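Next come the chains, spelled out residue by residue.
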Amino acid sequence: MRMSRIGGAVASLSGVAIAVALASPTAQATPATPTPGPTLTVVASHLGNPRGLAIGAHGALYVAEAGSGGTSCFTSPVFGTQCAGLTGAIARIGPGGAVPVASGLASVAGPGGIGATGVVAVATRGSRIYAQFGGNTEGVSGIPLPADIKARILDDFGQFGVVERGTFHELNPVGDSDFAWTLAHKNLVPDQFPDSNPNGLLVSRHGVFTVDAGANTLVRLGARGTSHVVAFFGTKHGSDTDAVPTCAATGPDGSIYVGELLGGYYAPGNARVWKVEFEHGRVHKRVWARGLTAVQGCGFDRWGNFYATEFQVGGLDEGPSASPLGAVVKIARNGHRTTLGLGSLFWPSGFAAGRDGAIYVSNCSIAPSAGFGPCPNGGEVVRIG
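All residue numbers here refer to positions counted from 1 along the written sequence of the relevant chain. The model is predicted, so local features are restricted to residues of pLDDT at least 70 and side-chain atom pairs to those at 80 or more, both for listing and for counting; the totals for chains, interfaces and linings are taken over all residues. With hydrogens and water excluded, all non-hydrogen atoms of the structure serve as input to the side-chain values.

1. Remarks on the sheet that holds strand E25 (residues 359-363)
Two orientations exist for strands paired in a sheet by backbone hydrogen bonds: parallel and antiparallel. Note: two strands are recorded as paired if DSSP finds a minimum of 2 bridges between them. Under the scheme used here, helices are H or I runs from DSSP no shorter than 4 residues and strands are E runs no shorter than 2 residues, and both carry numbers assigned from the N terminus. The antiparallel open sheet is built from four strands, whose spatial order is E2-E26-E25-E24. If you trace the sheet from one side to the other, it starts and ends with strand E2 (40-47) and strand E24 (351-353), each paired once. The mean angle between the axes of side-by-side strands here comes to 20°, regardless of whether they run parallel or antiparallel. Angles shown run from 0 to 180 degrees and are taken between the N-to-C directions of axes, each axis being a line fitted to C-alpha atoms and, for helices, limited to the stretch in contact.

If you want it as structure tokens, here you go:
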């Protein structure tokens, strides 16, 4: 899917019990059951377009803030007025709210800072903090912007990197690599390729992976800036659009589970979750769960329950009358589905499972720090549990 304001927003068990539990949701396509609890608490607010979340060392919670754009504006032939700045950040959330661990990151947003493209995902390994920027640098050099801002966009967009001493260091230009891959594989999605928009990030025992919502791929990141497409997620002939994978998580069985925004259709109930397995040097993928809607974030808790954040429960819609209501769908090990946060979440995105049994979600994920519409306190991170 070509990156739009929403699309940019967009982006330990064992044995037989695992095999049975993780196979059962494929047949489960009925709507999830809404329940009144548990409690939802705002743990950070006035964030700029908060997206991916991660739990780090000692239980620290991190959020990727795509920023609120800036004051250097230009006109895009596709998206209209866009404004760039250095308002993105990666922040650690504590008792007093969000404290940046890296700030001044490149950000491009629509008027008012809505629906920014910038840093969209964060992951940790031990004490190290990694991050992924959305987009790519195709065409950026021709945009009339101040030299310092243009240089930062060219350095950052589409990049995977690490945070060290308060600075984001670029390690892999996966967004540009994915764009080149789609140009060479235009036959896969002829009406939309070339395109790339990294949206999800996963650091696992299988390696470091990016989920690209524009290229529809799961990509393994290698040494010295190399990358390799592990899986392409397609849709059946005649679909309205493409799959738009957005997130990835490691399951209790060690496989990677990839959630989709669309699954080929904008209407509710078409998003899927894919299971990607690695066996004897080969990769196998299959649909593991169906019947979800506009999935933006996903993950497992320590009991093996799967969660998906649904960006808009009514189906992806950028129209002025579209409902902003989102939710979190929990798929238990026995396949039972429960909806959490419906009525309290608006355009939710990132997901993380806390060690205390609570879950965390980035809410109002396309809102600038100043807020708008149903999000007067800007982007938020909420605790459910």
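Now that the structure is up, let's keep going.
2. Describing the packing of aromatic side chains
Note on aromatic contacts: the rings of Phe and Tyr and the six-membered ring of Trp form a pair at centre separations within 6.5 Å, being stacked when their planes are under 30 degrees apart, edge-to-face when over 60 apart, and tilted otherwise. Tallied over the full model, the rule gives 14 aromatic pairs. Taking the centre distance of 5.0 Å and the plane angle of 75° together, the rings of tyrosine 257 and tryptophan 288 count as edge-to-face. Here tyrosine 257 is found in strand E17 (residues 256-260), whereas its partner tryptophan 288 is found in strand E19 (residues 282-292), with 31 residues between them in sequence. The interplanar angle of 65° and the centroid separation of 5.1 Å between the aromatic rings of phenylalanine 300 and phenylalanine 306 together place this pair among those described as edge-to-face.

3. A few points about the pattern of salt bridges
Criterion for a salt bridge: a side-chain nitrogen of Lys or Arg within 4 Å of a carboxyl oxygen of Asp or Glu. Across all of its chains, the model carries six salt bridges by this definition. Salt-bridge contacts for arginine 128 lead to glutamate 164; the nearest nitrogen and oxygen are separated by 2.4 Å. Of this pair, arginine 128 sits in strand E9 (residues 128-133) while glutamate 164 sits in strand E10 (residues 160-164), placing them 36 residues apart in sequence. When a residue's accessible area, from a 1.4 Å probe over protein chains only, is under 20% of the maximum for its type it is buried; when over 50% it is exposed; and in between it is partly exposed. The exposure class assigned to arginine 128 is partly exposed, which follows from its relative accessible area of 37%. Ionic pairing is found between lysine 275 and glutamate 277, a salt bridge with its closest N-O pair at 3.9 Å. Judged by relative accessible area, which is 8%, lysine 275 ranks as buried. Take glutamate 277: its relative accessible area is 30%, and that puts it in the partly exposed class. A single salt-bridge network, built from bridges that share partners, covers Asp253, Lys275 and Glu277.

4. Some points on the environment of serine 365
Positionally, serine 365 belongs in the loop between E25 and strand E26 (379-384). Residue classification places serine 365 among the buried positions, given a relative accessible area of 0%. Linking serine 365 and glycine 264, residues 101 residues apart in sequence, is a C-alpha distance of 23 Å. By definition, residues are in contact when any of their heavy atoms lie within 4.5 Å. Leaving out residues up to four positions away in the same chain, serine 365 has contacts with Asn49, Pro50, Arg51, Phe311, Phe346, Trp347, Pro348 and Ser349. Of the polar contacts made by the side chain of serine 365, one reaches the backbone oxygen of tryptophan 347; its length is 2.6 Å. Two N or O atoms form a polar contact when they lie within 3.5 Å of each other; inside protein one atom must be a possible hydrogen donor and the other a possible acceptor, and for residues adjacent in sequence the pair counts only when both atoms belong to side chains.

5. Brief notes about the sheet that holds strand E16 (residues 245-250)
Strand order across the open sheet formed by four strands is E16-E17-E18-E19, with antiparallel pairing between neighbours. For this open sheet the edge positions go to E16 and E19, each flanked by a neighbour on one side alone. On average, each strand axis in the sheet is inclined to that of its neighbour by 25°, with strand direction left out of account. Note: E17 against strand E18 (residues 271-279), four bridges, orientation antiparallel. In the sheet register, glycine 259 faces E18, and the bridge partner there is valine 273.

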